[in-house]
Amino acid sequence: MTTTPSHFPADFLFGAATASYQIEGGAHEGGRGVSIWDTFCAQPGAVVAGDNGDVACDHFHRWESDIDMMEELGLQAYRFSIAWPRVQPLGTGDFNDEGIAFYRGIVDRLKEKGIKPLITLYHWDLPQPLEDNGGWLSRDTVDAFVVYATRMAEEFGADVEMWTTFNEPWVSSFVGYGAGAHAPGHTSDAEALEAAHHLNLAHARAYKAIKAVAPSAQVGLVNNCHTPRPWDPSSEKDRAASAHIDALANTMFHEPFIEGTYPAILKPNTAHITDWTFVHEGDLAEMKGAVDWFGVNYYASHLVRHNPHKAAQQSELATLADGHKAGGNSPWPGDEEIEFMLPPGKLTSMGWNLDPSALHAHLLKIHRETGKPIYVTENGSAWEDKVDDDGRVRDTDRVEYFHGHIDAVRKAIAEGADVRGYMAWSLMDNFEWAQGYAKRFGMVWVDYQSLERRWKDSAYWYAETVRRRQVVPVEQIESLVQTPPRTR
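Conventions adopted
- Residue numbers run consecutively from 1 along every chain, following the written order of its sequence.
- Since the coordinates come from a predicted model, pLDDT governs what is reported: local features require at least 70, and pairs of side-chain atoms require 80 or more to be given and counted, while whole-chain, interface and lining totals use all residues.
- Side-chain metrics in this entry use all non-hydrogen atoms of the structure; hydrogen atoms and water are not considered.
- The numbering of helices and of strands both runs from the N terminus, where a helix is a DSSP run of H or I of at least 4 residues and a strand a run of E of at least 2.
- This radius of gyration counts C-alpha atoms alone. The globule rule is 2.2 Å times how many residues there are, raised to the power 0.38.
- Contacts between residues were defined by any pair of non-hydrogen atoms, one from each residue, lying within 4.5 Å.
- Note on areas: Shrake-Rupley with a 1.4 Å probe; residue coverage comes only from the protein chains shown.
- To get an axis, a line is fitted to the C-alpha atoms, and for a helix only the part in contact is used. The angle between two axes follows their N-to-C directions and goes from 0 to 180 degrees.
- What sets the label is the angle itself: under 35 degrees gives roughly parallel, over 145 gives roughly antiparallel, 65 to 115 gives roughly perpendicular, and the rest give oblique.
- By definition, turning the near helix anticlockwise from the far helix through less than a right angle yields a left-handed crossing, and turning it clockwise yields a right-handed one.
- Note that Gly is not counted as nonpolar here; it falls among the polar residues with everything else outside the nonpolar set of Ala, Val, Leu, Ile, Met, Phe, Trp, Tyr, Cys and Pro and the charged set of Asp, Glu, Lys and Arg.
- The distinction between a cavity and a pocket rests on a 1 Å grid over the protein atoms alone: a 1.4 Å probe fits inside a cavity but cannot get out, while a pocket stays open yet meets protein on both sides within 12 Å along at least five of seven lines, and a residue with an atom within 4 Å of a point counts as lining.
- Grid points are joined across faces, edges and corners, and a volume is the space filled by probe spheres set on the points.
- Should a side-chain nitrogen of Lys or Arg be within 4 Å of a carboxyl oxygen of Asp or Glu, the pair is scored as a salt bridge.
- Note on exposure labels: buried denotes an accessible area under 20% of the residue type's maximum, exposed denotes more than 50%, and partly exposed covers the range between, all computed with a 1.4 Å probe on protein chains only.
- Between any two strands, pairing holds if DSSP finds at least two bridges.
- Throughout, nonpolar core names a set of buried Ala, Val, Leu, Ile, Met, Phe, Trp, Tyr and Cys residues whose side chains join them through atoms within 4.5 Å.
- The pLDDT value tells you how sure the predictor is about a given residue, anywhere from 0 up to 100.
- The criterion for an aromatic pair is that two Phe, Tyr or Trp rings (for Trp, the six-membered ring) have centres within 6.5 Å, with stacked assigned to planes under 30 degrees apart, edge-to-face to planes over 60 apart and tilted to the rest.
- Two conditions define a charge sitting above a ring: the NZ of Lys or the CZ of Arg must be within 6 Å of the ring centre, and it must be within 35 degrees of the ring normal.

Some remarks on the overall build of the chain
- Of the regular secondary structure elements, the chain holds 19 helices and 13 strands.
- A compact globule built from 488 residues should have a C-alpha radius of gyration of about 23 Å, and the chain, at 21 Å, falls within 12% of that.
- Dimensions of the chain, computed from the C-alpha atoms along their principal axes, are close to 60 × 55 × 50 Å.
- Long-range contacts, defined as pairs at least 24 residues apart, comprise 78% of the intrachain contacts of the chain with a sequence gap of at least 6.
- When the accessible surface of the chain is summed, it comes to about 17400 Å², and 50% of that surface belongs to carbon and sulfur atoms.

Structure follows, in structure tokens:
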């Protein structure tokens, strides 16, 4: 019988995560160049309410007090991304000393506070000049990324052990180049597959470049996991639909680095879309072995079924459950007869379900299939938060979500999964990509007018969970919260 100890291991890292474009602001300061998200946000109708990241949470000016807040929360680690256009405005050529100094300040202050920095090199904000020259459809962008990664390793390799090359390459490729719902807004299944391959290749080459500069660096790849369970487990066609989505969403982004291959079903399932000639001889050999750990971003589970009449019957609810805009292109090449079904039960304000069991199952799956250390690099939920008259944000739904999912991590560890850390998404409310500022994921409330930070109930709960190294009962919220809450 498997035992499930109530406490997390002594060396397990509890932290929080953010992304540069979502929190920094300062879009026209410090020598920062233009990113594809600046361009995308300027397109009418691309982002809810026409929002953009020009100011966001103003972390560019408030980073010192934000790190002080992390210390108050008791965070042991902080995962953040470097904005490529801030340190190399054109994506090639000269680097920007002022931009590098900004991140140097962050790294130094984190270390001063005893918080482990986890750097993500690419969280979707590609320099616009690179996109103008082909973006992730061009191998020139792969080469440019390696130069950028090398320079960042030279700047920070002595102080930063944990590195991520890419955050969620599935989103960058399939949502950005396939569905058109994210920057750069393309709608081509063939381009989505080509971009995905180039992102994988860029990771492999950057992995070797970083290790050459900083041999002790631990370099990982972060993917948003999908758990495409068959609608009818007894249906062979539903199981095949599930396997197709699993190959595109999950296995495509770890099998190359373990086996030096892509999932066998991918090429035949997408042969009507592309001939895969963008995979050059030697590419997959370069990928094999080029990873030290895998990051898992998890939010919700998925139910899929085979439906030969999907095109005529596709409902708005099923489209939203699919994770892309109603009426938009699908982010799943070859899914012409695959339908995403709305899961039962309570949904977050993003329309996503609550299913800790899927996170537990996925961690065990990644452990079995890769044998590599795992970090949960994002996990969280958006709700209709509000500030009450006494100043509190009573986000009990978020606390319940965290409780179930952190406990799922604990169970996976007890069953043998080598999970070494958990980064809550997100430290604070921020720009939620195509949803603008309409969705709040933070443990800390951000007033987008005054930019004041206010601890939500979930921040107090998470701080206590980190302190105890044990999942705190939801019922203990009232004994943990300060009234009025902490603000900055």
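Examining the packing of helix α16 (residues 356-370) against helix α17 (residues 396-414)
- Across the interface, α16 lies against α17 with an axial gap of 8 Å and an inter-helix angle of 30°. Put simply, α16 runs roughly parallel to α17. Every pair of crossing elements has a handedness; the one defined by α16 and α17 is right-handed. The segment α16 lies against α17, with Pro356, Leu359, His360, Leu363 and Leu364 engaging Gly404, His405, Ala408, Val409, Lys411 and Ala412.
- Each residue belonging to the contact of α16 with α17 can be placed in one class, and the counts come to seven nonpolar, three polar and one charged.

Here's the deal with empty space enclosed by the protein
- The tally for this structure, following the rule as stated, stands at four cavities of 30 Å³ or more.
- Taken together, 13 residues line the largest cavity, and the ones lying closest to its centre are Asn223, His254, Phe294, Gly295 and Ile366.
- Sorting the residues of the lining of the largest cavity by element identifies β5 (218-224), β7 (293-298) and α16 as the ones contributing at least two each.
- Empty space within the second largest cavity amounts to approximately 50 Å³.
- Together, Ile36, Trp37, Tyr122, Trp124, Trp136, Ser172, Tyr177, His182, Ala183 and Pro184 line the second largest cavity.
- Residue assignment for the lining of the second largest cavity shows that the elements contributing at least two residues are α2 (36-41) and α8 (169-179).
- Among the residues forming the lining of the second largest cavity, the class breakdown is eight nonpolar, two polar and no charged.

Digging into the pattern of salt bridges
- Under the counting rule described, the total for this entry stands at 40 salt bridges.
- Between Arg394 and Asp388 there is a salt bridge; the shortest N-O distance is 2.7 Å.
- In this structure, a network of salt bridges that share partners links the residues Asp385, Asp395, Arg398, Asp429, Arg440 and Lys456.

Considerations on the side chain of Thr274
- With respect to the helices, strands and loops of the structure, Thr274 is situated in the loop between α12 (266-270) and α13 (283-287).
- For Thr274, a relative accessible area of 12% puts it in the buried group.
- When near neighbours in sequence (up to four residues on either side) are disregarded, Thr274 contacts Ala190 and Leu193.

Notes on the pairing of strand β1 (residues 13-17)
- A large share of β1 lies buried, amounting to five of its five residues.
- Of the pairings in the sheet, the one linking β1 to strand β11 (residues 419-425) comprises five bridges and is parallel in character. Each bridged residue has a counterpart across the sheet, and for Ala17 the counterpart in β11 is Trp425.
- Note: β1 against strand β2 (residues 77-81), three bridges, orientation parallel. Pairing of Ala16 across the sheet is with Tyr78, part of β2.

Topic: the pairing of strand β8 (residues 302-306)
- Pairing geometry for strand β6 (residues 228-230) and β8, over three bridges, is parallel. When the bridges of β8 are listed, Pro228 appears paired with His302.
- Examined bridge by bridge, β8 and strand β9 (residues 338-341) share four bridges and lie antiparallel to one another. Among the inter-strand pairings, Val304 is bridged to a residue of β9, identified as Phe340.

A few points about the nonpolar core
- The biggest cluster of nonpolar side chains holds 155 residues, and the ones touching the most others in it are Trp37, Trp136 and Phe145.
- Among the elements that make up this core, the one with the highest residue count is helix α9 (residues 189-213) (eleven residues).

Topic: the confidence of the model for the chain
- Looking at the chain as a whole, its pLDDT mean stands at 95, while 95% of the residues score no less than 70.
- Below a pLDDT of 50 lies the segment residues 315-327, which in the model reaches 25 contacts outside its immediate sequence neighbourhood of four places, other chains included.

Re the sheet that holds β6
- Across the sheet, which stays open at both edges, the three strands sit in the order β6-β8-β9 with mixed pairing between neighbours. The open sheet has two edge strands with one neighbour each: β6 and β9. Between one strand axis and the next, the sheet turns through 40° on average, direction left out of account.
- Packed on one face of the sheet, helix α10 (residues 236-249) meets β6, β8 and β9 and runs near 125° to β8.

Focus on the sheet that holds strand β10 (residues 374-379)
- Read around the barrel, eight strands follow the order β1-β2-β3-β4-β5-β7-β10-β11 and close on themselves; strand pairing throughout is parallel. Neighbour to neighbour, the strand axes of the sheet diverge by 25° on average, direction disregarded.
- Where β5 meets β7, five bridges bridge the pair, whose relative direction is parallel. For Asn224, the partnering residue across the bridge sits in β7 and is Asn297.
- Each of β3 (116-122) and β4 (162-167) touches helix α7 (residues 139-156); the most contacted strand, β3, lies at about 160° to it.

What about the packing of aromatic side chains?
- Applying the stated rule across the entire model yields 41 aromatic pairs.
- Taking 5.5 Å as the distance between ring centres and 80° as the angle between the ring planes, the aromatic pair formed by Tyr122 and Trp136 counts as edge-to-face. Of this pair, Tyr122 sits in strand β3 while Trp136 sits in the loop between α6 (128-132) and α7; the two residues are 14 residues apart in sequence, bridging distant segments of the chain.
- Residue class for Tyr122 comes out buried when judged on its relative accessible area of 1%.
- Note on Trp136: relative accessible area 1%, which makes it buried.
- Geometrically, the ring pair formed by Tyr437 and Tyr448 is tilted, given 4.7 Å between the ring centres and 55° between the ring planes. Taken together, the residues span a long stretch of sequence, with Tyr437 in the loop between β11 and β12 (444-446) and Tyr448 in the loop between β12 and β13 (453-455) at a distance of eleven residues.
- An aromatic cluster is built from Tyr21, Trp37, Phe40, Trp124, Phe431, Trp433, Tyr437 and Tyr448, whose rings are joined through pairwise contacts.
- One cation-aromatic arrangement involves Arg86 over Phe102; the distance from NZ or CZ to the ring centre is 5.6 Å.

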